[in-house]
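The residues making up each chain are set out below.
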Amino acid sequence: MFVEVEPLRGDLDTSVPISDDRSALRAGRRHRLTAVATPYMYLAPALICFALWVYWPLAQTFRLSFVRWNLLPTTPSVGVGLANYRHVLRLPQLQQAAETTGLYMVGLLALGVVLPALIAVVTQGLGSRAQAFYRSVLFLPVLISPVVAATLWSFLFAPNGGAVNSILGNVGVSPRNWLFDPTTAPLSLIVIAGWKVLGASILIVSAGLVNIGPEYYEAAALDGAGRLRRFTEITVPLLSPTLLFLLTTAVLVAEGQIMFPLIDTLTSGGPSRATTDIYYLLYSLGFTSFDVGLASAAAVVFFVAFAATAVPCLGLLERFSRYQD
Amino acid sequence: MFQVTPDPRTDSANPPPPPRRGGGRRDTTIARHAVLIAVGLLVVAPLVWLILAMFRAPRTLFSESLPFKPHLANLAHALSELPWSQLLLHTVTMAIGVSLGQLLSGLLAAYAFSCWQFRGQRLLMLVVIGTWLVPFQVTILPNYVLLSKLGLLNSVAGVIVPQLSSTFAVLLLRQHLKNFPSELIEAARIDGLSSWSILWRVVVPNLGPSLAALEILLFIGAWNEYLWPLIVYRSPDSVLQVGISHLLSVTDPDYGALLAAAGLATLPLLVLYLILQRRIVDAFVRSGLR
Amino acid sequence: MARIRLHHITKAYGDTVALDDISLDVAHGELLVLLGPSGCGKSTLLRVMAGLIHPDRGGVEVDGRDVTTLPPRQRNTAMVFQSYALYPHLSVRRNLGFGLRAHRRPRTEIEEKVADVAARLGLDRLLDRRPRELSGGQRQRVALGRAMVRDPAVFLMDEPLSNLDAQLRTATRMELAALHRSLDATFVYVTHDQVEAMTLGTRIAVLDGGRLQQVGTPAQIYDEPANVFVARFLGAPPMNLLPAVASSRDRRVLLEGAALSAVLWEGEVAERAVTVGVRPERLRIGGAGAAGARFRSRVVAVENLGNDEVAICQAAEERICVRGPRPLGLRAGENVELVASVDDLRLFDPASGRRMVWVPDACDNHKLPAGTVHDVR
């Protein structure tokens, strides 16, 4: 009859149980404990900082949105329930600020994502030396702080003899006071912000294009795909994580970090609040109205709307970056 | 009789013809250059204008001719209107403190995220990324109150402390560390190093160039920072960005001095950029690839 | 002295089980090869021994001491990595001395040991170079030297030769064998290369899917594979495996398959399916009157290996390979009858995949007297 052989034949004895060396075990356990705590210790500095300067203040903002207080330590704060929220939603400035925010976003998307993507795609494939030269030029506005950019452009936009007016004068456009006219001021700010992000965005999209690698195009060309097909079936999908990254930064970062200093230094939200977006509205409510409750309620409303826009962006970005690994 | 075997290097089949260059490529190359030159001019022209204006005479500030005889009056004005030594000291302190703090806290956090597996890892990563969901303007008031309670208002320390960690730095360094060869870390563990020594004796020396490039990007960011100084330290002698915004905010600004001041405030970064251009641009571009 | 014992080591990452209840006993001075396809868990097992990975369950014991939870630095083991993992920012000299410095040994001792090992490995002239200035073979030596400097009781090697080109690999393999003989240490060596495993190992442990498939000397692993996986993993080409039915007629056990027939030994067996295995080099091209198992097949292709030839044949639904000195004298398209002697057949249970041996019915199979087991060899 047939008998199955023992699979581990030839092995030495493993039947004796593992010995019981207590001291080694104890040392080991101590090691395991510190090993478990180690990553948290490395995380501590960053997380404490975020907790202290982002999440704790966020919780405070929520708390303050239900009180009336004037920021002075001597006066007590009084709970007022939802009154602040009712007040915020009826604020006349709110709608105008929201519209301005939308306008800025459209402008930043156009000048910070769409236009750079087009330029990068069109100019793709230059030699590395030429590329290095253009890169070093296009990067320059990243070095320029928003305040310096504001200074520089207020000079260019100056109503009397500014470069913009004199250049446009050559083609027959009458001079304007760009930053102090309610119709042109928001657009002027968009131009300045666009100047600051355009080159950087081109660099990022170009790098994304280089990253795609020629073998995909070669494979597609061998498969008989034409230029348009190669663009829609290879360039666009493989570039989408980069574009999404740009889009997210345009939505999340650019308006708060670049537009805000421009508004603050150039127009202070004027003329007649034409350049006030939600960010600036929150800031001025907090520091000029001395109504902490109202400002906090507005901040909460804005935070909720902002997070609702940003979470899907970040989620998509995370999913895409996983595709790439 | 001996016969020499045929040379194996000469193949009887004909070699394939060399590939031909496609026609019409030259035109598209020229078009590409044209587009980039146009964009480049658009980007550079305002900066050139700034530099030219800095050296014009105050009376001819708005003229369009080249300033053949450089005038230094604007620079002199700028130097007299702002407390430069104070501003520079504060700005340098802030930029170094903030950027080094962000680099260090980011390095430690990224090390934890990429070299360990631990409970709550995903959640804590979300906590880091989640900071992007909280715009600065939402938390201004509580931050102001907290800083005043800590007695940090109107001080450089007050500007530095809240900025000591950066989500951007954590994410970028996490990416770098994920690409770091894990066998190198294992080798160091076998060799008997603690995780702390591994970080400083193996990881950091090999990440050197990336760390330096990130440090420079963070330095540029901190140098140009406007929001935090705006709420913490609003006086004209705080940091360069605030000082310039003070000059700008008067109703009829002295553009000559203002432009000169703006140029001077950017000069250190430009010098840095001239020296380390390639590194800086590479680091910046890579941060967008993720 | 270093005897390593693993007890029921289990490690899972999420839903994937990397190591499944592995017990193993490595004697002092052995060179145990962990062999298996990529992803079989062999590198994970090595890292458990090193202390780089903690098992979910089970224990590691070195010389009777439980080291399961000890960090690597307290284990007196050294490791050679597949990528060599030389510190790129340090010179060869500092790479070699790195472990000793980490253990805070006196400088004179470090210098002495580094010089000694460098001399042994012929690295004297390279001591001040950086790893990137070295060739692949030189880097491999430095990695080896880094392990030797510390005089460890256990050397762990993770595919140390896989990044070398073929010629250098053979030479280095021999040097490793010599090194193992000269050092009084235990080696555990991970590879997916069966030639390395056969030539280097005092014993081989074959892994697949996180499970131990078989442990034994190279001869045992090759000649007496415990199951179909091991039979198929070793050999070039691997063992031929064909389905057949075993039955008995006139008190003789017979095998019948679509293209094979064999008369085995005396005995009675209920009709059952078996898998028949035979090594390609054990097949002969049949002539008249050859006894044993016969395989009717048709030559599909003949591969020239230089010294040998391999003929790939179609036997009913199955592929069957025969290997022998060149020329075999076969041409594609030819019909051929292949013959193997009964001793060269291996039989496996088709359901479990495990190899079966024949036990004469007369015996009480609980107490087998020595010499009565008719192993199918």
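For clarity, every value in this text was computed on a predicted model and none was experimentally measured. (Residues numbered from 1 in each chain as written. Chains lettered and ligands numbered in written order. Predicted model: local features only at pLDDT ≥ 70, side-chain atom pairs only at ≥ 80, totals over all residues. Heavy atoms only, no water.)

## Some points on the overall build of chain C
Broken down by element type, chain C carries 8 helices and 21 strands. Residue burial in chain C is summarised as follows: out of 377 residues, 55% are buried. Of all intrachain contacts in chain C linking residues separated by at least 6 positions in sequence, the fraction that spans at least 24 positions is 63%. Approximately 16300 Å² of chain C is accessible, and the part contributed by carbon and sulfur atoms is 48%. Considering chain C, the positive charge centre built from 50 side chains and the negative charge centre built from 46 side chains are found 6 Å apart. (Helix = DSSP H or I, 4+ residues; strand = E, 2+ residues; numbered from the N terminus. Buried < 20%, exposed > 50% of the residue type's maximum accessible area, 1.4 Å probe, protein only. Contact = heavy atoms within 4.5 Å. Areas by Shrake-Rupley, 256 points an atom, 1.4 Å probe, with all protein chains shown as cover. Lys, Arg positive; Asp, Glu negative; His and termini not counted. Charge placed at Lys NZ, Arg CZ, Asp CG, Glu CD.)

## Focus: a positive patch on the surface
A cluster of basic residues, Arg201(B), Arg73(C), Arg94(C) and Arg104(C), forms a positive patch on the protein surface. With respect to the helices and strands, the residue Arg94(C) is situated in helix α2 (residues 92–102). A relative accessible area of 42% means that Arg94(C) is categorised as partly exposed. (Patch = residues over 30% accessible without salt bridge, like charges linked within 9 Å, V, L, I, M, F, W, Y side chains within 5 Å. Salt bridge = Lys/Arg side-chain N within 4 Å of Asp/Glu carboxyl O.)

## As for the nonpolar core
Formed by 237 residues in total, the largest nonpolar core has its most connected members in Phe139(A), Leu189(A), Val202(B), Val203(B), Leu24(C), Leu34(C) and Leu45(C). The element best represented in this core is helix α9 (residues 195–223) of chain B, accounting for 16 residues. (Core = buried A, V, L, I, M, F, W, Y, C linked by side-chain atoms within 4.5 Å.)

## What to know about the pairing of strand β9 (residues 203–208) of chain C
Residue and element names in this part refer to chain C. In terms of burial, β9 is a largely internal element, 5 of the 6 residues being buried. Judged from the 4 bridges that link them, strand β3 (residues 31–35) and β9 form a sheet pairing that is parallel. When the sheet's bridge partners are listed, leucine 32 is paired in β9 with arginine 203. Where β9 hands over to strand β10 (residues 211–216), the hairpin turn is made up of 2 residues, of which glycine 209 adopts a positive phi near 55°. (Pairing = 2+ DSSP bridges.)

## A look at the sheet that holds β9(C)
All names here are of chain C. A sheet is described by the order of its strands in space; here 6 strands give the open sequence β6-β7-β8-β3-β9-β10, paired in mixed fashion. Every other strand in the sheet has two partners, leaving β6 (77–80) and β10 as the edge strands with one partner each. Looking at each pair of strands side by side, their axes are set apart by 15° on average, direction ignored. As defined by bridge partners, β9 adjoins β10 across 5 bridges and the pair is classed as antiparallel. In the strand pairing of β10, alanine 205 is matched with valine 215. (Axes fitted to C-alpha atoms, helices over the stretch in contact; angles between N-to-C directions.)

## Remarks on the environment of Gly127(A)
Mapping Gly127(A) onto the fold places it in the loop between α3 (92–122) and α4 (128–138). Separated by 148 residues in sequence, Gly127(A) and Thr275(A) have C-alpha atoms that sit 42 Å apart.

## So, helix α2 (residues 83–90) of chain A
Residues separated by three or four positions in an α-helix point in the same direction, a consequence of the helix having 3.6 residues per turn. All names here are of chain A. For α2, every residue scored as buried is listed here: Asn84, Tyr85 and Val88. Down the axis of α2, the buried side of the element spans an arc of 95°, and every buried residue falls inside it. Facing away from the buried side of α2, by more than 90 degrees, are the exposed residues Arg86 and Arg90. (Arc of directions from axis to C-beta.)

## Digging into the interface of chain C and chain B
Across the boundary between the two partners, chain C contributes 26 residues, which contact 14 residues of chain B. Of the roughly 1700 Å² buried at the junction of chain C and chain B (both faces included), carbon and sulfur atoms supply 55%. At the surface where chain C touches chain B, the tally comes to 3 salt bridges. Arg47(C) is the salt-bridge partner of Glu183(B), the closest N and O atoms lying 3.5 Å from each other. (Buried area = accessible area lost by both parts, 1.4 Å probe.)

## Let's talk about the interface of chain A and chain B
Counting from both sides, the interface comprises 95 residues of chain A and, opposite them, 92 residues of chain B. Summing both sides of the interface, chain A and chain B together bury roughly 8400 Å²; the carbon and sulfur share of this comes to 76%. When the area that chain A buries against chain B is broken down by residue, the three leading residues are Tyr42(A), Trp53(A) and Phe155(A), summing to 11%. The salt bridge involving Arg135(A) is made with Asp282(B); its shortest N-O contact spans 2.5 Å. Here chain A is connected to chain B by 19 residue pairs in polar contact (both at pLDDT 80 or more). Counting residues per element, the side of chain A that touches chain B draws most heavily on helix α1 (residues 22–64) of chain A, at 21 residues. (Polar contact = N/O pair within 3.5 Å; in protein donor to acceptor, adjacent residues only side chain to side chain.)

## So, the environment of Arg75(C)
Residue and element names in this part refer to chain C. Within the element layout of this structure, arginine 75 appears in the loop between β5 (65–66) and β6. The spacing of arginine 75 and leucine 134 is 59 residues in sequence and 30 Å in space, taken between C-alpha atoms. In this structure arginine 75 touches Val48, Met49, Ala50, Gly51, Val67, Thr68, Thr69 and Leu70, once residues within four positions along its chain are discounted. A distance of 2.5 Å separates the side chain of arginine 75 from the backbone oxygen of valine 67, its partner in a polar contact.

## Some points on the packing of helix α6 (residues 146–156) of chain A against helix α11 (residues 240–249) of chain B
Their axes nearest at 9 Å, the elements α6(A) and α11(B) cross at an angle of 25°. Viewed along their axes, α6(A) and α11(B) adopt a mutual orientation that is roughly parallel. At the point where α6(A) passes α11(B), the crossing takes the left-handed sense. Contacts between α6(A) and α11(B) involve Val147(A), Val148(A), Ala150(A), Thr151(A) and Ser154(A) from the former and Gln241(B), Ile244(B), Ser245(B) and Leu248(B) from the latter. When the residues that make up the contact of α6(A) with α11(B) are grouped by side-chain class, the tally is 5 nonpolar, 4 polar and no charged. (Parallel < 35°, antiparallel > 145°, perpendicular 65-115°, else oblique. Left-handed = near helix turned anticlockwise from the far one by under 90°. Nonpolar A, V, L, I, M, F, W, Y, C, P; charged D, E, K, R; others polar.)

## Regarding the pairing of β3(C)
Where burial is concerned, most of β3(C) is hidden: 5 out of the 5 residues are buried. A two-sided burial pattern is seen for β3(C), the buried positions comprising Leu31(C), Val33(C) and Leu35(C) on one face and Leu32(C) and Leu34(C) on the other.

## With respect to a nonpolar patch on the surface
Residue and element names in this part refer to chain B. Taken together, Leu88, Val92, Ile96 and Leu100 make up a surface patch of nonpolar side chains, about 300 Å² in accessible area. Within the fold, valine 92 resides in helix α3 (residues 84–115). Classification of valine 92 as partly exposed rests on a relative accessible area of 33%.

## A word on the side chain of Ser247(C)
Residues and elements named next belong to chain C. Of note, serine 247 is situated in strand β11 (residues 240–249). The exposure class of serine 247 is buried, given its relative accessible area of 18%. Leave out the neighbours within four places in its chain, and serine 247 touches Arg252, Val253, Leu254, Val269 and Glu271.

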